[in-house]
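# Working through the structure, step by step
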Amino acid sequence: MTSTAATAPAEPKAKRDRTHYLYIAVIIAVALGIAVGLIAPDFATELKPLGTGFVNLIKMMISPIIFCTIVLGIGSVRKAAKVGAVGGIALVYFTVMSVVALAIGLVVGNILDPGTGLAVTDAVKETGQAQVDAEAKSTVDFLMGIIPTTIVSAFTAGEVLQTLLVALLCGFALQAMGNAGQPVLRGIEHIQRLVFRVLAMIMWAAPVGAFGAIAAVTGSAGVDALKSLAVLMLGFYTTCVLFIFLVLGTMLRVVSGVNVFSLFKYLGREFLLILSTSSSESALPRLIAKMEHLGVSKPVVGITVPTGYSFNLDGTMIYMTMASLFIADAMGTPMSIGEQIPLLLFLLVASKGAAGVSGAGLATLAGGLQSHKPALVDGIGLIVGIDRFMSEARALTNFAGNAVATVLIGTWTKEIDRGRVDEVLAGRAPFDEKTLLDDHGTAGSDDARAEVPEQGGEKELAKA
């Protein structure tokens, strides 16, 4: 009896240790990828499908996870006004922070002035013009694109905002059904458990994906591109770091009383995943799961995180500001402040919907410049070589901004359990890496979840 009792609590620790090995393997894979990219660049570029395939596996799970999270969150809330308040606060906050990010990028870009003296060749011009074809959308096309062709196509198209719209409609419909909708909610809850379990399985392919992605990036860009554009890259990285820790960190401490370093330590594996894949979307499903585990209610997480991935792109804002100024200087046509502000406000609108996938920022920049100031499009070819490396900081900043936004909006709407937050960040309530869900009822921190009957799931866990 004593030995059995002693060994029972040791089993979960062993499972968590295996996930620690997984992320150690990711770090090793990144180092090997960089080495292969520098030693054999031609071979390394052929490894790109490994990274692309892994990111596509993650993206495959985004739509069902968003759908389940939002439907469960909204369907379990008795008052629709609460959901509207969360969405309204989120959009106002996203807009304000985007303007702040643009302003910071504007100041740093004008101070550094990194583009002066670069030569724009015919080859560079052709490369820049080629980027315009990369799915540049007008504002009207973007808004119309939120409406899916059918209710099912929202899942097959992989569009986050289309899935968000369908999930909101289904959530409000189930909310209106009252008790009659409870069996549907219970079924969706079981589907959510299945989807997160599949995601946990996919994560074991992370080292392979990280190796392929980093090797391809290093092999294609090379050291020369990094040297010639080092000022722009370092300036951009420095600006992102200052924005994250000074602006976001200060707001998080003042509004929520949470230490930004503790929050980022809790999200360390997600940052590593983004760093190795250059895609913030690769961590979106895990961010949803971890924010719920942290103590933020389902409605806040379900609305803030998916919406933030299209509307709260702080890193992309900084990137577009600095890249625009860099290109204007390199083209020998530096812009005055009076010219910079209208262009950047235009890019603020054009960037909405540019998800955290690598390349989306460059395509949006090309489309925005083509529409507002076509003469600068030729200069985009100057930054193509280092765009993937800048994409790393872009994705990390976007992810950090959405994580902080979720905590802030949870605080403003009083939909966060502060006691739970302290427990989780102190390490006393570890995240379940096997299921990515709080199946054992330890996270009963949000009122919304408490209103959803979970008897079926509890019986199954008791049997297990």
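Residues numbered from 1 in each chain as written. Predicted model: local features only at pLDDT ≥ 70, side-chain atom pairs only at ≥ 80, totals over all residues. Heavy atoms only, no water.

This paragraph deals with the overall build of the chain. If you tally the helices and strands in the chain, you get 23 helices and zero strands. Among the 464 residues that make up the chain, the fraction classed as buried is 53%. Sequence separation of at least 24 residues holds for 85% of the intrachain contacts in the chain that already meet a minimum separation of 6. Here the chain displays about 19,500 Å² of accessible surface, and carbon together with sulfur accounts for 66% of that area. (Helix = DSSP H or I, 4+ residues; strand = E, 2+ residues; numbered from the N terminus. Buried < 20%, exposed > 50% of the residue type's maximum accessible area, 1.4 Å probe, protein only. Contact = heavy atoms within 4.5 Å. Areas by Shrake-Rupley, 256 points an atom, 1.4 Å probe, with all protein chains shown as cover.)

The tally for this structure, following the rule as stated, stands at six salt bridges. Of the charged contacts in the structure, one is a salt bridge between K290 and E270, with a shortest N-O distance of 3.1 Å. Placement of K290 in helix 15 (residues 284-294) and of E270 in helix 14 (residues 268-277) is noted, with a sequence separation of 20 residues between them. Residue K290 is classed as buried on the basis of its relative accessible area, which comes to 3%. A salt bridge links E423 to R428, with the nearest nitrogen and oxygen atoms 3.1 Å apart. Its relative accessible area of 54% is what places R428 among the exposed residues. A single network of salt bridges, built from pairs that share partners, joins E270, R286 and K290. (Salt bridge = Lys/Arg side-chain N within 4 Å of Asp/Glu carboxyl O.)

So, about the UniProt feature "transmembrane region" (unreviewed entry) in the chain. Feature annotation in UniProt assigns "transmembrane region" (unreviewed entry) to the following positions: residues 21-40, 60-77, 89-112, 151-174, 194-217 and 229-255. Between the end C-alpha atoms of residues 21-40 the distance is 28 Å, and the span holds 95% helix and 0% strand. (UniProt positions renumbered as here; feature names shortened; annotations may be inferred.)

Attention now goes to the packing of aromatic side chains. Using the criterion set out here, one finds eight aromatic pairs in the structure. Centre to centre, the rings of F236 and Y319 are 5.9 Å apart; their planes meet at 70 degrees, and the pair counts as edge-to-face. Placement of the pair is F236 in helix 12 (residues 230-256) and Y319 in helix 17 (residues 314-330), with a sequence separation of 83 residues. Across this residue pair, the class does not change: F236 and Y319 are buried. Aromatic ring contacts, followed pair by pair, group F245, F261, F264, F271 and F399 into a single cluster. (Phe/Tyr/Trp six-rings, centres within 6.5 Å; stacked < 30°, edge-to-face > 60°.)

Turning our eyes to something else, we now look at the side chain of T307. Inspection of the secondary structure assignment puts T307 in helix 16 (residues 298-311). Within polar-contact distance, the side chain of T307 engages the backbone oxygen of I303 at 2.6 Å. Residue contacts for T307: discarding those within four places in its chain leaves L91, F94, L164 and N312. (Polar contact = N/O pair within 3.5 Å; in protein donor to acceptor, adjacent residues only side chain to side chain.)

Looking now at the side chain of T397. Following the sequence through the fold, T397 ends up in helix 20 (residues 384-412). Given the relative accessible area of 1%, T397 is considered buried. Dropping the residues within four chain positions of it, T397 is found in contact with C240, F243, I244, D314 and G315.

This part takes up helix 16. Across its 14 residues, helix 16 extends 19 Å between first and last C-alpha, which sits within 8% of the 20 Å expected from 1.5 Å per residue. In terms of burial, helix 16 is a largely internal element, 13 of the 14 residues being buried. (Expected span 1.5 Å × (residues − 1).)

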